[in-house]
Amino acid sequence: MNVAFYEKIWMWAAGVLILAFLVTIAVGVAGSALQPPSHVETIDPTKVWNDSRFKQRGVSVDERGATVIAVAMMFAFSPAELRVPAGRPVTFRLTSADVTHGFQIVGTNGNTMIVPGYVSQFTKVFREPGEYLIVCNEYCGLGHHLMSAKLIVEAAEARP
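Remember, it's a predicted structure, so these values are computed and weren't measured experimentally. (Residues numbered from 1 in each chain as written. Predicted model: local features only at pLDDT ≥ 70, side-chain atom pairs only at ≥ 80, totals over all residues. Heavy atoms only, no water.)

J.: How should I be thinking about the nonpolar core in this particular structure?
T.: Note on soluble globular proteins: their nonpolar side chains tend to be buried together. Counting residues in each nonpolar core, the largest one holds 24 residues, and the members touching the most others are F77, F92, F103, I105, F126, I134 and L151. Mapped by element, the contributors of at least two residues to this core are β3 (65-73), β5 (81-85), β6 (89-96), β7 (101-105), β10 (130-135) and β11 (148-154). With 4 residues, β3 is the largest single contributor of residues to this core. Apart from residues lying up to four places away in sequence, I105 is in contact with F92, G110, F122, F126, Y132, L133, I134 and L151. I43, V48, F54 and V119 belong to the second largest nonpolar core, which has 6 residues in total. (Core = buried A, V, L, I, M, F, W, Y, C linked by side-chain atoms within 4.5 Å. Buried < 20%, exposed > 50% of the residue type's maximum accessible area, 1.4 Å probe, protein only. Helix = DSSP H or I, 4+ residues; strand = E, 2+ residues; numbered from the N terminus. Contact = heavy atoms within 4.5 Å.)

J.: Help me out: how do you make sense of the sheet that holds β5 in this one?
T.: Strands pair in a sheet through their backbones, by hydrogen bonds, and they do so in one of two ways: parallel or antiparallel. Spatial ordering of the open sheet is given by β5-β11-β10-β7-β8, a layout of 5 strands whose pairing is mixed. Of all strands in the sheet, those with a lone pairing partner are β5 and β8 (111-114), marking the two edges. Each strand axis lies, on average, 20° off the axis of its neighbour in the sheet, ignoring direction. The pairing of β5 with β11 spans 5 bridges and is parallel. Residue pairing in the sheet places V84 in a bridge with V153 of β11. (Pairing = 2+ DSSP bridges. Axes fitted to C-alpha atoms, helices over the stretch in contact; angles between N-to-C directions.)

J.: For this particular structure, what's the right way to read the pattern of salt bridges?
T.: For side chains of opposite charge, pairing can occur when their charged atoms come near one another. Applying the stated rule across the entire model yields 8 salt bridges. R83 is the salt-bridge partner of E81, the closest N and O atoms lying 3.3 Å from each other. The partly exposed category is assigned to E81, whose relative accessible area is 40%. The exposure class of R83 is partly exposed, given its relative accessible area of 37%. Where E154 meets R83, a salt bridge forms, and the shortest distance between an N and an O atom there is 2.8 Å. One end of the pair, E154, is in strand β11; the other, R83, is in strand β5, and 71 residues separate them in sequence. One network of salt bridges, in which partners are shared, links E41, D51, R53 and R93. (Salt bridge = Lys/Arg side-chain N within 4 Å of Asp/Glu carboxyl O.)

J.: I'm lost on the packing of aromatic side chains in this one. Help?
T.: In the structure shown here, the tally under the stated rule is 7 aromatic pairs. Where F5 meets Y6, the ring centres are 5.8 Å apart and the plane angle is 70°; that geometry is what we call edge-to-face. On the accessibility criterion, F5 (38% relative accessible area) is partly exposed. Its relative accessible area of 47% is what places Y6 among the partly exposed residues. Ring centres of F126 and Y132 lie 5.5 Å apart, and the angle between their planes is 45°; this geometry places the pair in the tilted category. For the pair formed by F126 and Y132, the shared burial category is buried. Here the basic side chain of K124 rests over the ring of F126, its NZ or CZ set 5.5 Å away from the ring centre. (Phe/Tyr/Trp six-rings, centres within 6.5 Å; stacked < 30°, edge-to-face > 60°. Lys NZ or Arg CZ within 6 Å of the ring centre and 35° of its normal.)

And the structure:
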């Protein structure tokens, strides 16, 4: 066998690997349909303020835990202050009225992207009472650095 034969084998093997990578990427894109990896709940971003799911923003508490309904917009979160109970599951339901925003609860692993047209949702348990800063960690415009909110985790006996 000569050297040219081995070079051809390596060239064909490299070509097959590149083709396999491209097919894998194409299948991944087609399979996820370019949607966020979530429960994929959609919303019309032009009607967020009148949508029944986001009309009453704030915190609701029941025997199972708490639910936070909030809207991100340039350059604020509505509502800007949230009070939740410690030691219970808190489900955050978020959407955007304009552009892509981030939602990061500083000092925790609570973090998600808020994409217009979609409802982002995650659940977190805060073990200790305290105050947490919520910031937008996706650049959303000139006032991005001013976009924040406050999360107050209250001890169980402090809540009515």
